[in-house]
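Topology and contacts: notes
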Amino acid sequence: MTIYLDNNATTALAPEVREAILPHLFGEFANPSSPHGPGMAARRAVGEARAQIAALIGAKPADLVMTGGATEATHTAILGALRTLEETEHTRSHIVTTAVEHPATLALFEDLRQQGWRVTILPVDSDGVPSLAALGAVVTERTALVSMMWANNETGVLMPVAGASAIAHAHGALFHTDAVQAAGRVPVDCGIADYLTLSAHKMHGPKGIGALYVRKGAPFRPLIHGHQERRRRGGTENVPGIVGFGAAASLAALWMDEAGLTAFLRDRLESGVLARWPGARVNGAGVDGGGAARLPNTTNIRFADAQGRPMDAEELLIRLDRAGIAVSMGAACSSGGNEPSHVLTAMGLTGAEAAASLRFSLSRYTTAAEVDAVLSELPALHARLMTA
């Protein structure tokens, strides 16, 4: 049986979520736009789920736009805002994000740069946190939008989103935050944002369903036209996905009370790895040195060989996988390439140090026995790799 420690890539579907979804895959299959009884029942189910998701972030149900995932939600927010501003505020031609955003967000900003937008990519410190002073120095009355993730997917480090939002709004700019990794793990309040992105499969919900919070009155233009979602996102609603998202959001709100246990297990794993692997270091804040606050479930650790040189973490990942332990080298959406993690190199690591790093991300289902099993494997793995 696999010990799964790659929960920032995706999470297991909660049994309660599966039970909520099943009726809408079979018996209750109607289109929620249909005027008959079954259609109206599907519409009610979507409405109830929307309310559950909204409650997780302190939003009103009408402020949510259901999407096909977080990437669509983020692109809808940013492109919808900017296309509207192009028509209403011609002087705002500048946009800002950080060097450690999700690859899909950075790809969008690069595309916007090629379309003529002036783009600022904020650097980060050695913990992976952008400076609010640096943000304040670049945001002006010509800035249209600032986008900053709530929590980093590779290191778990929490970003200063409230301060960033205040700076953006002080200059009349809009603020978007990617809260995909944060929602359900730490409290998230949509009140700081004009746009906020969510995803179900990071909180034990189904894949293929996301949500976008849009502040009432914020500039918005749909990417996909149609009558659904109050004409903000066309296409027949994914009723099973939305219902599953709602169930997952309700569970996540309850499970946040258990975040202390998850953090305890993460710290137990982290300190155990450092004790069993001489020369290992935490990327970002760790139990060994304070620093920036993190999600309770995430640690990113770089490994060294017997001479203290960065080692090839891919070999360690493969050996852990053979031992039935699933971890990752970073964001699932950027894995498979030969480039080192853009997050870790932005934090000042060399390419070799970034390639020597593994991410361990826990879930509410992770147990102390699983953590201890991982730690029990490390001495033998260390010995084999040091003599290989």
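Values in this document were obtained by computation on a predicted structure and should not be read as measured data. (Residues numbered from 1 in each chain as written. Predicted model: local features only at pLDDT ≥ 70, side-chain atom pairs only at ≥ 80, totals over all residues. Heavy atoms only, no water.)

1. A look at the overall build of the protein
Keep this limit in mind: Put simply, DSSP H or I for four residues or longer makes a helix, DSSP E for two residues or longer makes a strand, and each gets a number counted from the N terminus. The reference for a compact globule is 2.2 Å times residues^0.38; the radius of gyration itself is calculated from the C-alpha atoms. Throughout this description, buried means an accessible area under 20% of the type-specific maximum (1.4 Å probe, protein chains only), exposed means over 50%, and partly exposed covers the range between. Contacts were defined at the residue level, with two residues in contact if any of their heavy atoms lie within 4.5 Å. Asp and Glu count as negative and Lys and Arg as positive, but His and the ends of the chain are not part of the count. Charge placement uses NZ in Lys and CZ in Arg. For Asp and Glu, CG and CD serve respectively.
For the protein, the count of helices and strands is 13 helices and 12 strands. Relative to the compact-globule value of 21 Å for 388 residues, the protein shows a C-alpha radius of gyration of 22 Å, a close match. For the protein, the proportion of its 388 residues judged to be buried stands at 56%. For the protein, restricting intrachain contacts to residue pairs at least 6 apart in sequence, the fraction spanning at least 24 positions comes to 73%. Once the 32 positive and 37 negative side-chain charges of the protein are each reduced to a mean point, those two points are 4 Å apart.

2. Brief notes about the packing of helix 9 (residues 259-276) against helix 13 (residues 368-387)
Applicable threshold: Axis lines are fitted to C-alpha atoms, over the contacting stretch for helices. Their N-to-C directions set the angle, which ranges from 0 to 180 degrees. Each angle receives one of four descriptions, namely roughly parallel if under 35 degrees, roughly antiparallel if over 145, roughly perpendicular if within 65 to 115, and oblique otherwise. We call a crossing left-handed when the near helix sits turned anticlockwise from the far one by less than a right angle, and right-handed when that turn is clockwise. Throughout, the ten residues Ala, Val, Leu, Ile, Met, Phe, Trp, Tyr, Cys and Pro are labelled nonpolar, Asp, Glu, Lys and Arg are labelled charged, and all others, Gly among them, are labelled polar.
Contact geometry for helix 9 and helix 13: axes closest at 10 Å, N-to-C directions at 10°. When the interaxial angle is binned, helix 9 and helix 13 end up roughly parallel. When the axes of helix 9 and helix 13 are compared, the crossing they make is right-handed. Across the interface between the two elements, Leu-265, Arg-268, Leu-269, Gly-272, Val-273 and Arg-276 of helix 9 pack against Ala-368, Val-371, Asp-372, Val-374, Leu-375, Leu-378, Pro-379 and His-382 of helix 13. A per-class count over the contact of helix 9 with helix 13 returns 9 nonpolar, 2 polar and 3 charged.

3. Describing the sheet that holds strand 2 (residues 64-67)
The following threshold applies: Only when DSSP finds a minimum of two bridges between them are two strands counted as paired.
If you walk across this open sheet you meet the 7 strands as 2-8-7-6-5-3-4, and the pairing is mixed. Only two strands of the sheet have a single neighbouring strand rather than two, namely strand 2 and strand 4 (118-122). Strand-to-strand, the axes of this sheet are offset by a mean angle of 20°, without reference to chain direction. Pairing between strand 6 (residues 174-178) and strand 7 (residues 195-199): 3 bridges, direction parallel. When the bridges of strand 7 are listed, Thr-177 appears paired with Leu-196. Here helix 6 (residues 161-170) sits on the sheet in contact with strand 5 (143-147) and strand 6, set at roughly 160° to strand 6.

4. Topic: helix 1 (residues 15-25)
Heads up, the condition is: Starting at the helix axis, one direction is taken to each C-beta atom, and the arc is that of these directions.
Within the span of helix 1, buried status applies to Val-17, Ile-21 and His-24. When helix 1 is viewed along its axis, its buried side chains cluster within an angular range of 50° and face the same direction. Considering only its buried residues, helix 1 is in contact with helix 2 (37-57) and helix 8 (239-255).

5. Considerations on the pattern of salt bridges
What counts here: Each reported salt bridge corresponds to a side-chain nitrogen of Lys or Arg within 4 Å of a carboxyl oxygen of Asp or Glu.
Going through the model one piece at a time under the given rule, you end up with 14 salt bridges. For Arg-359, the salt bridge is made with Asp-6, and the minimal N-O distance between the two is 3.0 Å. Here the residue Arg-359 occupies a position in strand 12 (residues 357-361), and Asp-6 occupies one in the loop between strand 1 (3-4) and helix 1, the gap between them amounting to 353 residues. Taken as a pair, Arg-359 and Asp-6 share a single burial class, namely buried. Note that Glu-270 and Arg-294 form a salt bridge whose closest N and O atoms lie 2.8 Å from each other.

6. What to know about the nonpolar core
Note the threshold: The criterion is simple. A nonpolar core is a set of buried Ala, Val, Leu, Ile, Met, Phe, Trp, Tyr and Cys residues joined through side-chain atoms within 4.5 Å.
Of all hydrophobic cores here, the largest spans 62 residues; its most connected members are Ile-57, Trp-150, Phe-175, Leu-196, Leu-198 and Phe-245. Elements represented by at least two residues in this core include exactly helix 1, helix 2, strand 2, helix 6, strand 7, strand 8 (210-214), helix 8 and helix 11 (342-346). Discounting residues that sit within four places of it in the chain, Leu-198 has contacts with Ile-53, Ile-57, Ala-70, Ala-179, Val-180, Ala-183, Gly-210, Ala-211 and Phe-245. Val-273, Ala-280, Leu-320 and Leu-385 belong to the second largest nonpolar core, which has 26 residues in total.

7. Description of the packing of aromatic side chains
This is how the line gets drawn: Here a Phe, Tyr or Trp ring, Trp counted by its six-membered ring, pairs with any other such ring whose centre lies within 6.5 Å, and the pair is stacked when the planes are under 30 degrees apart, edge-to-face when over 60, and tilted otherwise.
Applying the stated criterion across every chain yields a total of 2 aromatic pairs. A centroid spacing of 5.9 Å and a plane angle of 70° characterise the contact between Trp-255 and Tyr-365, whose relative ring orientation is edge-to-face. Of this pair, Trp-255 sits in helix 8 while Tyr-365 is found in the loop between strand 12 and helix 13, placing the two residues 110 residues apart along the sequence. Arranged with centres 5.2 Å apart and planes meeting at 80°, the rings of Trp-277 and Phe-303 form a pair that is edge-to-face. Of the two residues, Trp-277 is situated in the loop between helix 9 and strand 9 (281-282) and Phe-303 in the loop between strand 10 (298-302) and helix 10 (313-322); the sequence distance between them amounts to 26 residues. As far as burial versus exposure is concerned, Trp-277 and Phe-303 are alike and both buried.

8. Things to note about the environment of Glu-229
Our working definition: In the analysis that follows, any N or O atom pair within 3.5 Å is treated as a polar contact, provided that within protein one partner can donate a hydrogen and the other can accept it, and provided that, for residues neighboring in sequence, both atoms belong to side chains.
Of note, Glu-229 is situated in helix 7 (residues 228-231). Accessibility expressed as a relative area gives 6% for Glu-229, which makes it buried. Placed 14 residues apart in sequence, Glu-229 and Arg-215 show a C-alpha to C-alpha distance of 15 Å. Aside from chain neighbours lying at most four places away, what touches Glu-229 is Arg-50, Leu-64, Val-65, Met-66 and Glu-237. Only 2.9 Å separates the side chain of Glu-229 from the backbone nitrogen of Met-66, close enough to count as a polar contact.

9. A short note on unusual backbone geometry
You will see that Glu-229, though not glycine, has its phi angle at about 50°, which is positive. Positive phi, close to 55°, is recorded for Arg-230, a residue that is not glycine. The class for Arg-230 is exposed, based on a relative accessible area of 62%.

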